[in-house]
Amino acid sequence: MMKPIPQIETSELRSRLQNGENVYMIDVREDEEVAAGMISGAKHIPMGDIPNRLDDIPRDQEVIIICRSGGRSQHVCEFLSHQGLDNVTNMKGGMLQWHDDEE
């Protein structure tokens, strides 16, 4: 049985970034989705490219995975966890929630 993937609320991530914390974030949405805007500082690796880019993902720090609504990022977290990366966190609610917080 796998341990559940840690979740981070968008509000918590926002306050960590505002506090100047260096947070490693990967946005797994498609090109046309990130064209509409990403969280400043996030890296873009589309979900389909993740298996070929495991070496690009640090193992020595927390990595927060981001998508539109939190579903794809959850799958990516589970995949990475299966690959032995136990430092991944899913951003709950995704960019939809991130933008909702701003209003």
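See the structure printed just above.
What you see is a predicted model; the values in this text were computed from it and never measured.

## A closer look at the overall build of the protein chain
Alright, step 1. If you tally the helices and strands in the protein chain, you get four helices and five strands.
Alright, step 2. Reading the protein chain from its N end, one meets helices and strands in the order β-α-β-α-β-β-α-β-α.
Alright, step 3. Rg of the C-alpha trace for the protein chain: 13 Å, near the compact-globule value of 13 Å for 103 residues, within the 12% margin.
Alright, step 4. The proportion of buried residues among the 103 residues of the protein chain is 42%.
Alright, step 5. Excluding contacts between residues fewer than 6 apart, the proportion of contacts in the protein chain whose partners are at least 24 apart in sequence is 66%.
Alright, step 6. Accessible surface for the protein chain amounts to roughly 5700 Å². Of this, 46% is attributable to carbon and sulfur atoms.

## A few points about the nonpolar core
Alright, step 1. I26, V28, I50, I57, V63, I65 and L80 are the most contacted members of the largest nonpolar core, which has 16 residues in total.
Alright, step 2. Take this core: its biggest share by element is three residues, from helix 3 (residues 71-82).
Alright, step 3. For V28, the residues in contact, after removing those within four places along its chain, are I45, P46, M47, I50, I65, I66, C67, S73 and V76.
Alright, step 4. I8, I39, A42 and I64 belong to the second largest nonpolar core, which has 11 residues in total.

## Let's talk about the pattern of salt bridges
Where side chains of opposite charge bring their charged atoms close, a pairing between them can arise.
Alright, step 1. Applying the stated rule across the entire model yields six salt bridges.
Alright, step 2. As a salt-bridge pair, E9 and K92 come within 2.9 Å of each other at their nearest N and O atoms. Taken together, the residues E9 in the loop between strand 1 (7-8) and helix 1 (10-18) and K92 in the loop between strand 5 (88-91) and helix 4 (94-102) connect sequence positions 83 residues apart.
Alright, step 3. Two residues, E21 and R16, come together in a salt bridge whose shortest N-O distance is 2.8 Å.
Alright, step 4. Judged by its relative accessible area of 38%, E21 falls in the partly exposed class.
Alright, step 5. Using a relative accessible area of 16% as the deciding quantity, one classes R16 as buried.
Alright, step 6. Shared partners join several salt bridges into a network, and the residues in it are R16, E21 and E62.

## Describing empty space enclosed by the protein
Where empty space is left in the structure can be found by rolling a water-sized probe over the atoms.
Alright, step 1. According to the stated counting rule, one finds one cavity of 30 Å³ or more in the structure shown.
Alright, step 2. Taken as a whole, the largest cavity spans an internal volume of roughly 40 Å³.

## Some remarks on the packing of aromatic side chains
Alright, step 1. Following the criterion strictly, the structure yields zero aromatic pairs and no others.
Alright, step 2. The residue whose ring lies beneath R14 is W98, and the NZ or CZ to ring-centre distance is 3.9 Å.
Alright, step 3. A cation over a ring is seen here: K43 above Y24, with NZ or CZ 4.7 Å from the ring centre.

Criteria and cut-off values
Residues numbered from 1 in each chain as written. Predicted model: local features only at pLDDT ≥ 70, side-chain atom pairs only at ≥ 80, totals over all residues. Heavy atoms only, no water. Helix = DSSP H or I, 4+ residues; strand = E, 2+ residues; numbered from the N terminus. Rg over C-alpha atoms; globule rule 2.2 N^0.38 Å. Buried < 20%, exposed > 50% of the residue type's maximum accessible area, 1.4 Å probe, protein only. Contact = heavy atoms within 4.5 Å. Areas by Shrake-Rupley, 256 points an atom, 1.4 Å probe, with all protein chains shown as cover. Core = buried A, V, L, I, M, F, W, Y, C linked by side-chain atoms within 4.5 Å. Salt bridge = Lys/Arg side-chain N within 4 Å of Asp/Glu carboxyl O. 1 Å grid on protein atoms, 1.4 Å probe; cavity = no way out; pocket = protein on both sides within 12 Å on 5 of 7 lines; lining within 4 Å. Points joined across faces, edges and corners; volume = space filled by probe spheres on them. Phe/Tyr/Trp six-rings, centres within 6.5 Å; stacked < 30°, edge-to-face > 60°. Lys NZ or Arg CZ within 6 Å of the ring centre and 35° of its normal.

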